[in-house]
Structure formats: structure tokens, C-alpha cells
Amino acid sequence: MASKNQYANSNNSWRHYTVMALGLMLFAILLVRLTQLQVLQTDFLQGEGERRSVRDHKLQAFRGMVVDRNGEPLAVSTPVKSVWLNPKQIIQDKIDIRPLAQYLNINVKQLLTKLKKNQNKEFIYLQRHMNPLMAKKIQDLKLPGVGLQQEFKRFYPAAEVASHVVGFTNIDEQGLEGVELAYDDWLQGTPGKGRMIKDRLGRLVKDLGVINPAQSGKELMLSIDLRLQYQAYRELKASVAQHGAKAGSLIMVDVSSGEILAMVNQPSYNPNNRAALNVAAVRNRSVTDIIEPGSTVKPFTVVAALMAGQVTDKSIINTHPGTLRLGNKTIRDHRNYGALNIEDILIKSSNVGVSKLAINLGGENLWESYQTLGLGKPVGIGLPGEHGGKVAVLTNRWSQLQSATLAYGYGLAVTPLQLAQAYQVLANGGLKQPLSIIYKDPEVGEQVIPKDIADKVLAMLQGVVSAKGTARRAKVDGYKVAGKTGTAHKVGQNGYEDEHYSALFAGIAPANDPKIVTIVVVDDPSGREYYGGEVAAPIFSRVTQASLRLLKVPPTEIESNSVAGAHL
Amino acid sequence: MVLMLSALAVIYTSFINRQLAHEWQILGNDHTLLQEEYGRLMLEYSTLAAPSRVEELARQRLNMSFPNKNNTRVIQLDRR
């Protein structure tokens, strides 16, 4: 009290003012600093603050399903959990990971070495794609430094039946093969972004909501019909095994729309279990591999000859004596067929006959008509690895031999897919519909062969399947079918090999009102049978029989009972 | 007075906002769960309805077989 009185009483003003001034100065400093922080640096500081607390997290997007034309699933994403570890935290905090190792059934020692190796990292995956039940158990352990992440795993219900078409993805759901790769952008979703406030230990404080919602991938509907695909797969597999063949392909196409209803290959693989994946089995042979089509292109030589107007369907070609010598090569028939009309040339598959047609026509014209049909040109179906095929280069001077070999299917190499395209044109009255693996509205086709010529050649091909033709075993009970066999020597290291063949059959059913075109290729059958008519034609017959029934095409070649409409 | 009213309105709308956000989140969770279940059921369905399985069951348990030419009749409707 005394000292206070002393101050008040002593009117020593300079001390008073000094204290006042100092006080004001301190206040001013505070004010300046405050402005600095609150006004001038506010953005920076706020940003820094948020960097320490606000966390963005990825919102998972679903990958779209792949389904067949009836909506049956071919590829489905199902949610699974992946376990991750923070090795740095686990080592620093000496967390007991033994129960974790026990659940996951892994050696504790191994887990410890893994942690040691990654001790400077804050994130490693321990196990990916676990089933939800196991994940729940691990979550209930509530170990710090151990977390679960929501992921998706791709399942392929049709497994090896549709694997070449559908393909597969990697563990991060990026397409690697088939339509999974070709339509990756369409199927893939865009992950969204959510924002939340977390404390230093990563515990949730407040959810700030969603910044961008996740955009799920779109569904992809293929033109494949799983029922037909399955029939085709089963028959092809059985036959390839029966004939000891190296490989095989089968393509079935809807005639009026160009949609691919079935596409199977042997060998195949199971996309759900890729541990024992054989690289050669992954290839979609009907799209990526080229074959010499052999006699299966003969109908197109006839088409070209008819279109050029040099022959009519009534013309007679003399194939006597069953051989034709051109340069230093001799073209042979099985035997001397003598004089044949155009239909019989196809029925007997006479090499000499079509060679004579082609020589009259000139290689150039033949080359051009092959091109318009799509032989030796990529179909552009969009599946990865499609091969464009090879047709001899167009020159001005075609030798007779070159023209002739082109006519009976040597000197050009095509994919089974291209052959399917060419037969689609023939079966559809000359109207070309680009083949498609995607279910879509039909496009307006392109008339590449006059309708009357296409129909005439189609009628001739019915004879091939008759009792006097090369493809008796392609017969389908209850239906009229048409088709052409082919047997081609395979090309080896020393040119054409004598002992190795591809057996082919291209068929159209029903012949009176074509619905489906089927191409069968069996590569290198090792048994006693190797002709297209012996190996490939029976596959066609069985697959077509089942397919026509599934497609509800009424049989025409069966005794029919007429019933008055009024009674039904 | 107007100021007071608008202040109260702000409080009210932010309350509604929070409520709706909460609801949205719950529905979002349900959506994910349902999608998970849908995927699982799809898988289950396609395993059970796989053509190979159906064929085997039809042949072995039900003694069914594909019809052949001899046991097929075509019935045509007479259109008059």
C-alpha cells in the first residue's frame, strides 16, 4: 500500500509515460503480427493446417459387368478386402503381430523378415483379395498399424468357356486381354474423392463429405450367346482331344446382323485360376492366328467367275485328265472327274476346275473380289491382337500358277474370323454386315455380291453336304445345310509339310433360310483322319444341331403334322 | 429483426443440410452393401445355372436327353 501511494503521490510523469508507451508498443507489435497471420498469410497457414488434418480418400468405383446377349454374367466384380501394414509403426511401437500371422496362416518369422526389409516404409500390402469373413476377424483384432482396404476382384463365371473373348484383368482391375482390354475405358469406373478430418493417429474426427462421387463403370453386353458358346466349346474340346489335334477354333455368326454368337478356341484356360497359366493358351486363335484356307475359298472363286460373267451356273468345265501342269508345278485332283459343271466343281472340290476358272478370270480380278469379301483384310472387330491376314501382293502380271493357287486357297493366309466374314456375305444374299462381338443395333449392310449370284452359290454348296459331296458328315438332322470343306497342308520350316494339315469346314444353316454361319478349324489332327470332311464337318454338324434347336429354328426336313389353327 | 430472422434461417438450413447429408451417407452405404450382395448372388446364380451343371443334372438326375429326328414332330398352324 505504501508503495502505491508513493507512485500516485509522486508526480514523476516520465516514468508513467514510459510504461504507457511500452505497453502501447507491445500492443502494436501484437496487432502487426496478428494482421500478418490473420490477413496476409491466411491462405498459406490455413493450407498448412489442412494439410495436417484434412485427408482426401479414394472412393472405389465398381468395374462394369460383362454379360452375354441374354444378360448372363461373364465377368463380375465382387468386393474383397486387402490387408496392409505400416512396418515403421509396427516396429517402433513393438506391436505383437502373432495373432495376425496365425489368422493368415503364415510363418511369424517370415512376417518379421518382411517387416525388417520394409522397415522404412509406411505402407505394404500383406495379403490382397481375402474373403470378407477372414477380413472381419482381422479387423476385430484392432491392431494399430494394420489396416484393411476395400478392393474388388474380378470373377469369370463362364471360366474357360468364354475366356478368349472376355479376357481378364490384373489384380488392380485393369484389362489385360480380350474385351476386358479392348473396352477397358468403357468398363472402368472413375474413382471418386471423399474428404475427412483426421487426427495425428489417423482417427476420424469429422467427415466432410464427398467431393466427387465415384462413377461406376458401364455394363458391356456382348453378342455372344453363352448357351451356344458352351455347346461349341464342349464339341470342339471333345473333337480336338479325340483327333489328337494341336489346336482348334470355332466361330459362329448370326447371318443377318453379323454378330458373333460363339467364339471358342482350344487350348483354353481358366481366367479365375491363373497360377498355371500357359501363355500359348491365352491367344484367341480365331482372331490372331492365320491359316491357309484351302478349299474353303473355292466358293468365292466361283462367285468372282460368275460376277465377271465369264461363266454361268450352267457352264461345263473339262477337268480331264485330273491334272493341270503350270510351269514346274502340277495341280492335282483326287481323280479324273472329267467334264464338270460349276456345282460339281464345288461338290468334288476340284482343284483343276477352279484353277481353270481363275486363269480365265486373271489373278487380279480374283484378288479384288477376295478383298471386297474381307479375306486378307482386318475385320476390325476390336479384339486385341487381330491379324490382318495375308493375300499375295497385287501385281499387274499374275502368272497362271499364282492365279490358280489363289483360287484353291493357297498363297493366302486368313484368320478364321475373316473366313466367317466372307461366308456371312455369301449366306446373307451378298449383303455384308461387319462382324461384331458387341450386342448392338444392326447397321445398314453393304451389297458386295449381287443377290442372285450369292443365292446360286449357296444352293450349290448344299450339294457339298449331300451324299455325293465331300462333307457328308456335316449333315444336320431335320435341316438343310450348306458348306464347304477344306484341308490345307501346314507351312513348316521347309515349306509345305506332307504330314501336317489344318482341317476346315465352313457351314451355313439352314440353307433355305440362313440363320447362322459356322467356321470350324482344327489344327494338325494327328490321327488317321485329317480331312476337313472327316474332322471339322462332324463338329459343325453337332454344334449346328444343338444351336438351331436353342435358337428355335423350326426344322423343315421332318415329317410335319398340319394342325388347323382354330384348334390351338 | 430481419437480421435475426435470416440468422435463424441460416441455422435451420444448415441443420437440414446436415440431416440430409447423414441420410445420404446411410443410403450410400446401403447402396454399396446391396451392390456387394448383388455381385455375390450373381456369382452364385451363374455357378448354379452353368450350362455344364444344368446339362449334367438333366441327364443324370432327370434322365433327359436331346430329341432326335425320330421323336420330333413339326406342328404347323394352318393360316386361313
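Residues numbered from 1 in each chain as written. Chains lettered and ligands numbered in written order. Predicted model: local features only at pLDDT ≥ 70, side-chain atom pairs only at ≥ 80, totals over all residues.

1. Observations regarding the overall build of chain A
On a plain count of helices and strands, chain A comes out with 21 helices and 22 strands. The C-alpha radius of gyration of chain A comes to 37 Å, more than 25% above the 24 Å expected for a compact globule of 568 residues. The principal-axis extents of the C-alpha atoms in chain A amount to approximately 145 × 70 × 55 Å. By the burial criterion, 43% of the 568 residues in chain A qualify as buried. Contacts spanning at least 24 positions in sequence make up 71% of the contacts within chain A whose residues lie at least 6 apart. (Helix = DSSP H or I, 4+ residues; strand = E, 2+ residues; numbered from the N terminus. Rg over C-alpha atoms; globule rule 2.2 N^0.38 Å. Buried ≥ 20, exposed ≤ 12 C-beta atoms within 10 Å, placed from the backbone. Contact = placed C-beta atoms within 7 Å.)

2. Some words on unusual backbone geometry
Residue and element names in this part refer to chain A. In the segment running from Gln266 into Pro267, the intervening peptide bond is cis, with an omega of -5 degrees. Its location among the elements puts Pro267 in the loop between strand S10 (260-266) and helix H12 (279-282). For the bond from His320 to Pro321, the omega torsion is 5 degrees, close enough to zero to count as cis. With respect to the helices and strands, the residue Pro321 is situated in the loop between strand S11 (316-318) and strand S12 (323-326). In this structure, Asp524 is a non-glycine residue whose phi angle is positive, near 60 degrees. The residue Asp524 is located in the loop between strand S21 (516-523) and helix H21 (532-550) in this model. Asp524 sits in the partly exposed class, given 19 other C-beta atoms within 10 Å. Residues other than glycine seldom take positive phi values, yet Lys552 does so here, at roughly 60 degrees. If you trace the backbone, Lys552 turns up in the loop between H21 and strand S22 (560-564).

3. Thoughts on the packing of helix H14 (residues 298-308) of chain A against helix H20 (residues 451-464) of chain A
Residue and element names in this part refer to chain A. In the contact formed by H14 and H20, the axes pass within 10 Å of each other and the chain directions differ by 140 degrees. Judged by the angle between their axes, H14 and H20 are oblique. For the crossing formed where H14 meets H20, the hand is right-handed. Facing Pro299, Val302, Val303, Leu306 and Met307 of H14, the residues of H20 in contact are Ile453, Lys456, Val457 and Leu461. When the residues that make up the contact of H14 with H20 are grouped by side-chain class, the tally is eight nonpolar, no polar and one charged. (Axes fitted to C-alpha atoms, helices over the stretch in contact; angles between N-to-C directions. Parallel < 35°, antiparallel > 145°, perpendicular 65-115°, else oblique. Left-handed = near helix turned anticlockwise from the far one by under 90°. Nonpolar A, V, L, I, M, F, W, Y, C, P; charged D, E, K, R; others polar.)

4. Overview of the pairing of strand S13 (residues 329-332) of chain A
All names here are of chain A. Across four bridges, the pairing between S12 and S13 is antiparallel. For Thr323, the partnering residue across the bridge sits in S13 and is Arg332. Turn length for the S12-S13 hairpin, with the two strands adjacent in sequence and antiparallel, is two residues, and the turn residue Gly327 shows positive phi of about 60 degrees. (Pairing = 2+ DSSP bridges.)

5. Focus on helix H18 (residues 400-407) of chain A
Residue and element names in this part refer to chain A. In terms of burial, H18 is a largely internal element, six of the eight residues being buried. Within the sequence span of H18, burial applies to Gln402, Ser403, Ala404, Thr405, Leu406 and Ala407. For H18, the secondary structure elements touched by its buried residues are H14, S12, S13, helix H16 (351-361), helix H17 (363-373) and strand S16 (412-413). Downstream of H18 by one or two residues, Gly409 has phi in the positive range, about 90 degrees.

6. Observations regarding the packing of H14(A) against H16(A)
Residue and element names in this part refer to chain A. At a minimum axis separation of 10 Å, H14 and H16 run at an interaxial angle of 40 degrees. As judged from the angle between their axes, H14 and H16 are oblique. Judged by the sense of rotation from one axis to the other, the crossing of H14 with H16 is left-handed. Contact with H14, carried on its side by Lys298, Thr301, Val302, Ala304, Ala305 and Ala308, involves Val354, Leu357, Ala358 and Leu361 of H16 and no other residues of that element. Partitioning the contact of H14 with H16 into residue classes produces eight nonpolar, one polar and one charged.

7. With respect to the sheet that holds S10(A)
Residues and elements named next belong to chain A. Taken in spatial order, the five strands make up an open sheet running S10-S9-S21-S20-S19, and their pairing is antiparallel. Each end of this open sheet is capped by a strand with a single partner; those strands are S10 and strand S19 (482-492). Averaged over all pairs of adjacent strands, the angle between strand axes in this sheet comes to 10 degrees, irrespective of strand direction. Strand direction decides the pairing type here: strand S20 (residues 495-509) and S21, joined by eight bridges, are antiparallel. By the bridge assignment, Ala506 is partnered in S21 with Ile519.

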